[in-house]
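# A structural walkthrough
Listed here are the chains, written in short residue letters.
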Amino acid sequence: MLHGCVITAIMISVIILSDITEIQNIAKRTIQYIKTQIYPGQSLTEIRALCENKMKALGADSFWYYNIGAFVFSGRDTTVSISGRKYKTPLRMIQDNDIITIDLSPQRRHIWGDYARTVIIENGSVVDRMDDIKNTEWKDGLKFEKELHRTLLEAVDENTTFEDLYFYMNDLIVKNGYVNLDFNKNLGHTINRYMFQRHYVEQGYRKRISSADYFTFEPHISMPNSEYGYKREDIYIFNNGKLKRI
């Protein structure tokens, strides 16, 4: 009986991993798609609608975060951190030189995707390669976001707690001259089937990260007193004792 339970648990885990990878790929494909659709003069409302329609076309059946599929901000609003309970798409238009944060929350059969990227517009076009960005502040912000994710993979082991990660990363952010913009100062959360089950990368949550099936890392950062914020989010899993990005 015990062996049967173990086998069932393993099978369920494999199915969930396959499903979460698939829904996360829907989010990734949507970001690549929207980069081909953005143009100056376009409203953020249109960008949100295009993202949400694309995710549904790719197989999402709903959006798990307060039924909002795409949180979209641009320009100085990229520093805004707000709960989904209060979110309304800003009445802004894309400029010839602009910065956009897009955070996607697709869902299928209660399996979540969670993926965010910062998109840069220069001279009226999306700049897809980081090295081609001419605005040095924007380029440096995106590079540091990428560095934070690289550091995550190196710094976290099976004994690291969510609180450990909270203090380590917030300290690293400050040491590099940035601030954490999140309204609760957390840096991510566990991935679950229902929102009330989530736990955060926050002070006071001392459970080991390796005990969670999946979790997100999503630092939302800015230079002090800057008008611009940066966000990069991925889902991670411990696999054979090693942290990996989905």
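Above this text you will find the structure in question.
Described below are features of the structure shown in this document. Computed from a predicted structure; not experimentally measured.

## What about the packing of aromatic side chains?
One pass over the structure, following the stated rule, counts 13 aromatic pairs. Ring centres 5.1 Å apart and planes at 75° place the aromatic pair Tyr166 and Phe167 in the edge-to-face group. The exposure class assigned to Phe167 is partly exposed, which follows from its relative accessible area of 42%. Ring pairing ties together the aromatic residues Trp64, Tyr65, Tyr66, Phe71, Phe73, Tyr87 and Trp112, which thus form one cluster. The ring of Tyr33 carries the charged tip of Lys54 above its face, separated from the ring centre by 4.7 Å.

## Topic: helix H2 (residues 44-58)
Taking 1.5 Å per residue, 15 residues should reach 21 Å; H2 reaches 21 Å between its end C-alpha atoms and fits that length. Looking at H2, one finds that the buried residues are Leu44, Ile47, Arg48, Cys51, Glu52, Met55 and Leu58. Taken around the axis of H2, the buried residues stretch over an arc of 130°, which confines them to a single face. In H2, the exposed positions angled more than 90 degrees off the buried face are occupied by Asn53 and Ala57. Downstream of H2 by one or two residues, Gly59 has phi in the positive range, about 125°.

## Section: the nonpolar core
Counting residues in hydrophobic clusters, the biggest one holds 37 residues, and the most contacted among them are Ile47 and Ile102. Taken together, the elements giving at least two residues each to this core come down to helix H1 (2-35), H2, strand E2 (70-74), strand E3 (98-104), strand E5 (111-112), strand E6 (115-122) and strand E12 (234-239). If you tally residues by element for this core, the top one is H1, at 7 residues. Those residues within four positions of Ile102 in sequence are excluded, and the remaining contacts are Ile31, Ile34, Ile47, Cys51, Phe71, Val72, Tyr115, Ala116, Arg117 and Val119. Trp138, Leu148, Leu187 and Ala212 belong to the second-largest nonpolar core, a separate cluster that totals 28 residues.

## Some details on the side chain of Ser226
Positionally, Ser226 belongs in the loop between strand E10 (220-222) and strand E11 (229-231). Ser226 sits in the buried class, given a relative accessible area of 19%. Not counting the four nearest positions on each side in its chain, Ser226 is found in contact with Thr79 and Glu137.

## Looking at the pairing of strand E13 (residues 242-245)
Pairing of E12 with E13 involves 4 bridges; the strand directions are antiparallel. In the sheet register, Tyr236 faces E13, and the bridge partner there is Arg245. Adjacent in sequence and paired antiparallel, E12 and E13 are bridged by 2 residues, among which Asn240 carries a positive phi angle near 55°.

## Side note on the layout of surface pockets
Its volume calculated, the largest pocket comes out at about 600 Å³. Contributing to the lining of the largest pocket are 30 residues, with Tyr65, Ile82, Asp182, Phe183 and Lys231 lying nearest its centre. Of the residues in the lining of the largest pocket, the class split is 11 nonpolar, 10 polar and 9 charged.

## Some thoughts on empty space enclosed by the protein
Taken as a whole and assessed by the stated rule, the structure comprises 1 cavity of 30 Å³ or more. In this structure, the largest cavity occupies an estimated 30 Å³ of space. Looking at the lining of the largest cavity residue by residue, the classes come out as 2 nonpolar, no polar and 3 charged.

Rules used in this analysis
- Residues numbered from 1 in each chain as written.
- Predicted model: local features only at pLDDT ≥ 70, side-chain atom pairs only at ≥ 80, totals over all residues.
- Heavy atoms only, no water.
- Phe/Tyr/Trp six-rings, centres within 6.5 Å; stacked < 30°, edge-to-face > 60°.
- Buried < 20%, exposed > 50% of the residue type's maximum accessible area, 1.4 Å probe, protein only.
- Lys NZ or Arg CZ within 6 Å of the ring centre and 35° of its normal.
- Helix = DSSP H or I, 4+ residues; strand = E, 2+ residues; numbered from the N terminus.
- Expected span 1.5 Å × (residues − 1).
- Arc of directions from axis to C-beta.
- Core = buried A, V, L, I, M, F, W, Y, C linked by side-chain atoms within 4.5 Å.
- Contact = heavy atoms within 4.5 Å.
- Pairing = 2+ DSSP bridges.
- 1 Å grid on protein atoms, 1.4 Å probe; cavity = no way out; pocket = protein on both sides within 12 Å on 5 of 7 lines; lining within 4 Å.
- Points joined across faces, edges and corners; volume = space filled by probe spheres on them.
- Nonpolar A, V, L, I, M, F, W, Y, C, P; charged D, E, K, R; others polar.

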